[in-house]
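In case you want the letters, here they are:
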Amino acid sequence: MNRRTTKENNGNLKTYHIVFPYYVFENWFELLSEENKERKKILKAPLEFDFFLKSLAEYFPYRQIEEILRILAEYKIIPYVLDYTTIWKRLQNVNNKQAMNMPRKKSNKLLKLTLVLDKGKNKIVSVQINIEDKNNVVSFTYSGA
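A short tour of the structure in this document, coming up. Here the structure is a predicted model, which means the values were calculated and not measured.

## Some points on the pattern of salt bridges
- Applying the stated rule across the entire model yields 6 salt bridges.
- Across the pair Glu26 and Lys109 runs a salt bridge, and its minimum N-O distance is 3.4 Å. With Glu26 in helix α1 (residues 23-26) and Lys109 in the loop between α6 (96-100) and β3 (110-118), this pair connects stretches of sequence that are 83 residues apart.
- A relative accessible area of 36% places Glu26 in the partly exposed class.
- The partly exposed category is assigned to Lys109, whose relative accessible area is 28%.
- Among the salt bridges present, the one from Asp50 reaches Arg90, with a minimum N-O distance of 2.3 Å. With Asp50 in helix α3 (residues 49-57) and Arg90 in helix α5 (residues 84-93), the pair connects residues that are 40 residues apart, well separated along the chain.
- Owing to a relative accessible area of 6%, Asp50 belongs among the buried residues under this scheme.
- Within the structure, one salt-bridge network assembled from shared partners comprises Arg63, Glu66 and Arg70.

## Comments concerning α3
- Counting buried positions along α3 yields 8 of 9 residues, so the element is predominantly enclosed.
- Burial in α3 covers these residues: Phe49, Asp50, Phe51, Phe52, Leu53, Lys54, Ser55 and Leu56.

## Quick look at the packing of helix α4 (residues 62-74) against α5
- Interaxial distance between α4 and α5 falls to 10 Å at its minimum, and their mutual angle equals 110°. Looking at the two axes, α4 sits roughly perpendicular to α5. By crossing handedness, the relation of α4 to α5 is classed as right-handed. On the side of α4, the interface is formed by Tyr62, Arg63, Ile65, Glu66 and Leu69, while α5 contributes Tyr84, Ile87, Trp88, Leu91 and Gln92.
- Residue composition of the contact of α4 with α5, grouped by class: 7 nonpolar, 1 polar and 2 charged.

## Side note on helix α2 (residues 28-36)
- Looking at α2, one finds that the buried residues are Trp28, Leu31, Leu32, Glu35 and Asn36. Seen end-on, α2 carries its buried residues on one side only, within an arc spanning 125°. In α2, the exposed positions that point more than 90 degrees away from the buried face belong to Phe29 and Glu34.

The rules behind the values
- Residues numbered from 1 in each chain as written.
- Predicted model: local features only at pLDDT ≥ 70, side-chain atom pairs only at ≥ 80, totals over all residues.
- Heavy atoms only, no water.
- Salt bridge = Lys/Arg side-chain N within 4 Å of Asp/Glu carboxyl O.
- Helix = DSSP H or I, 4+ residues; strand = E, 2+ residues; numbered from the N terminus.
- Buried < 20%, exposed > 50% of the residue type's maximum accessible area, 1.4 Å probe, protein only.
- Axes fitted to C-alpha atoms, helices over the stretch in contact; angles between N-to-C directions.
- Parallel < 35°, antiparallel > 145°, perpendicular 65-115°, else oblique.
- Left-handed = near helix turned anticlockwise from the far one by under 90°.
- Contact = heavy atoms within 4.5 Å.
- Nonpolar A, V, L, I, M, F, W, Y, C, P; charged D, E, K, R; others polar.
- Arc of directions from axis to C-beta.

Written out as structure tokens, the structure reads:
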């Protein structure tokens with residue numbers, strides 16, 4: 001799995017850099033339809049998305065994860081936002097062994113998030129979203145209020 005996260009401190013601001021394979025986001029509905037075929041309870045997001053949530057949960061509380069997902073949904077990276085309870089339940093079901101053995105799909109695209117948080121207010125100040133592949137970069141910037 002190509003997952004990498006780093007953190008920088010600048011006074012009252014923290015900067016996080018998160019890199020995650022983009023195939024989960026670009027094949028959302030295909031992955032979801034495969035997983036829902038044999039399930040009694042219908043999933044809202046593919047199981048591979050849980051590994052993205054797990055990487056966010058290492059650094060952020062659930063409310064901030066929900067806010068990050070809201071930003072990703074606003075820019076159409078994900079189709080909709082998972083609520084707090086769903087995030088909590090999914091993170092309870094993911095263990096470290098599964099995260100280390102996440103199936104690797106062939107994709108050259110990466111989702112790179114650069115999040116800047118205000119430590120004092122515990123709020124997201126800005127998010128830089130980059131979708132990168134070999135030939136180009138698509139970039140979005142969100143600035144919090």
